[in-house]
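# A look at the structure
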Amino acid sequence: LAKHPEIKALMKPDYNLVWVVVLMVLAQLTAFYLVKDLDWKWVVFWAYVFGSCISHSMTLAIHEISHNSAFGNSKAMWNRWFGIFANLPLGLPYSISFKRYHMDHHRYLGGDGIDVDIPTNFEGWFFCTPFRKFIWIVLQPFFYAIRPLCINPKPITRLEIINLLAQLAFDVAIYYLWGVKSIFYMLAGSVLGLGLHPISGHFIAEHYMFLKGHETYSYYGPLNLLTFNVGYHNEHHDFPNIPGKSLPLVKKIAAEYYDNLPQYNSWIKVLYDFVMDDTISPYSRMKRQLKGEVKQD
């Protein structure tokens, strides 16, 4: 910032995010209606080909909203309510809890017992062969859901209860209106999209140390178009209050800080290398013993 103070001008809400999320919700509602009378094989097909992409993209929209990118820091509660709305087509309550844990990830990156992005010792010990690592990738959404309860359980908040009740009401309404195939499409899309899916390469690409000494990596490939530029991950951790839309500008303005860092151009290759490289496993993360006062949401 001392060298490039113009970056401060990028620290503002991305109001286009609101309209993009609304359109994504409407797209999924349309899909829920269209699959209700299809054969099961086509429900599964469209859940993976279309629903999974929208669902994973929506989780990254929720990531943006967790940083108050939709309405700004001055309207933090607007972002929380909007996150609950964005959560609806995923089928499972996620937005409010994600925000609480994700802020810990930014404040205490790799913090032992705090950052639940770090796999558990069991994951590192058991998923150590190519086949087991493949299964671990398939089951990633389950580990991301269960891991916080094992590593850093937090008291349930009022907003989390509201998130849960709103999601249950939405799911019941979809079932009542269009039946079990629409519900299956919704839930299967979320599970498949966060598991064995090209976009899921970002889970591993962001912080797994393929090169010792480098714990955060950026990806500059085309899938950033579907993921709100989450691939610009060094830039995001440097400036978490800059919306994803503007992160390419951060890289362009401060190119001397980013261009020479290790980077990826393919999340699919990241997944392949993770499975096949015997030197990489869920243990391949930087873990820190935190000192001093720890403040959590």
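Rules behind the numbers
- Residues numbered from 1 in each chain as written.
- Predicted model: local features only at pLDDT ≥ 70, side-chain atom pairs only at ≥ 80, totals over all residues.
- Heavy atoms only, no water.
- Helix = DSSP H or I, 4+ residues; strand = E, 2+ residues; numbered from the N terminus.
- Rg over C-alpha atoms; globule rule 2.2 N^0.38 Å.
- Buried < 20%, exposed > 50% of the residue type's maximum accessible area, 1.4 Å probe, protein only.
- Contact = heavy atoms within 4.5 Å.
- Areas by Shrake-Rupley, 256 points an atom, 1.4 Å probe, with all protein chains shown as cover.
- Lys, Arg positive; Asp, Glu negative; His and termini not counted.
- Charge placed at Lys NZ, Arg CZ, Asp CG, Glu CD.
- UniProt positions renumbered as here; feature names shortened; annotations may be inferred.
- Polar contact = N/O pair within 3.5 Å; in protein donor to acceptor, adjacent residues only side chain to side chain.
- Axes fitted to C-alpha atoms, helices over the stretch in contact; angles between N-to-C directions.
- Parallel < 35°, antiparallel > 145°, perpendicular 65-115°, else oblique.
- Left-handed = near helix turned anticlockwise from the far one by under 90°.
- Phe/Tyr/Trp six-rings, centres within 6.5 Å; stacked < 30°, edge-to-face > 60°.

## Observations regarding the overall build of the chain
Across its full length, the chain carries 14 helices and 2 strands. Taken against the 2.2 N^0.38 rule, which gives 19 Å for 297 residues, the C-alpha radius of gyration of the chain at 19 Å falls within 12% of a compact globule. A total of 297 residues make up the chain; the buried ones form 52% of that total. Restricting to contacts in the chain with at least 6 residues of sequence separation, those with at least 24 account for 76%. As displayed, the chain offers around 14700 Å² of accessible surface, 67% of which is attributable to carbon and sulfur atoms. Considering the chain, the positive charge centre built from 26 side chains and the negative charge centre built from 23 side chains are found 3 Å apart.

## Considerations on the UniProt feature "transmembrane region" (unreviewed entry) in the chain
As recorded in UniProt, the feature "transmembrane region" (unreviewed entry) lies at residues 17–35, 42–61, 81–98, 161–178 and 184–205. For residues 17–35, helix accounts for 95% and strand for 0%, while the C-alpha atoms at its two ends are 27 Å apart. Helix makes up 100% of residues 161–178 and strand 0%, and the two end C-alpha atoms of the span are 26 Å apart.

## Side note on the side chain of Lys 133
On the secondary structure map, Lys 133 appears in helix α6 (residues 130–138). In this structure the side chain of Lys 133 is engaged in a polar contact, spanning 2.7 Å, whose partner is the backbone oxygen of Phe 274. When near neighbours in sequence (up to four residues on either side) are disregarded, Lys 133 contacts Phe 127, Cys 128, Phe 274, Val 275, Asp 277, Asp 278, Ile 280 and Ser 281.

## Focus: unusual backbone geometry
A positive phi angle, near 55 degrees, is found at Phe 228, a position not held by glycine. When you line up the elements, Phe 228 lands in the loop between β1 (218–219) and α11 (233–238). For Phe 228, a relative accessible area of 17% corresponds to the buried category. Despite not being glycine, Asn 229 shows a phi value in the positive range, around 60 degrees.

## Considering the packing of helix α1 (residues 16–34) against helix α3 (residues 76–87)
At a minimum axis separation of 9 Å, α1 and α3 run at an interaxial angle of 25 degrees. Taken together, the axes of α1 and α3 are roughly parallel relative to one another. The two elements α1 and α3 meet at a crossing, and its hand is left-handed. Contacts between α1 and α3 involve Leu 17, Val 18, Val 21, Val 22 and Val 25 from the former and Phe 82, Phe 85 and Ala 86 from the latter.

## Considerations on the packing of aromatic side chains
In total, this model carries 24 aromatic pairs according to the counting rule given. Consider the rings of Trp 125 and Phe 126, whose centres lie 6.0 Å apart with planes at 45 degrees: the pair is tilted. Judged by relative accessible area, Trp 125 falls into the exposed class, the value being 56%. Residue classification places Phe 126 among the partly exposed residues on the basis of a relative accessible area of 28%. For the pair Tyr 208 and Phe 274, a centre-to-centre distance of 5.8 Å together with 80 degrees between the ring planes defines the contact as edge-to-face.

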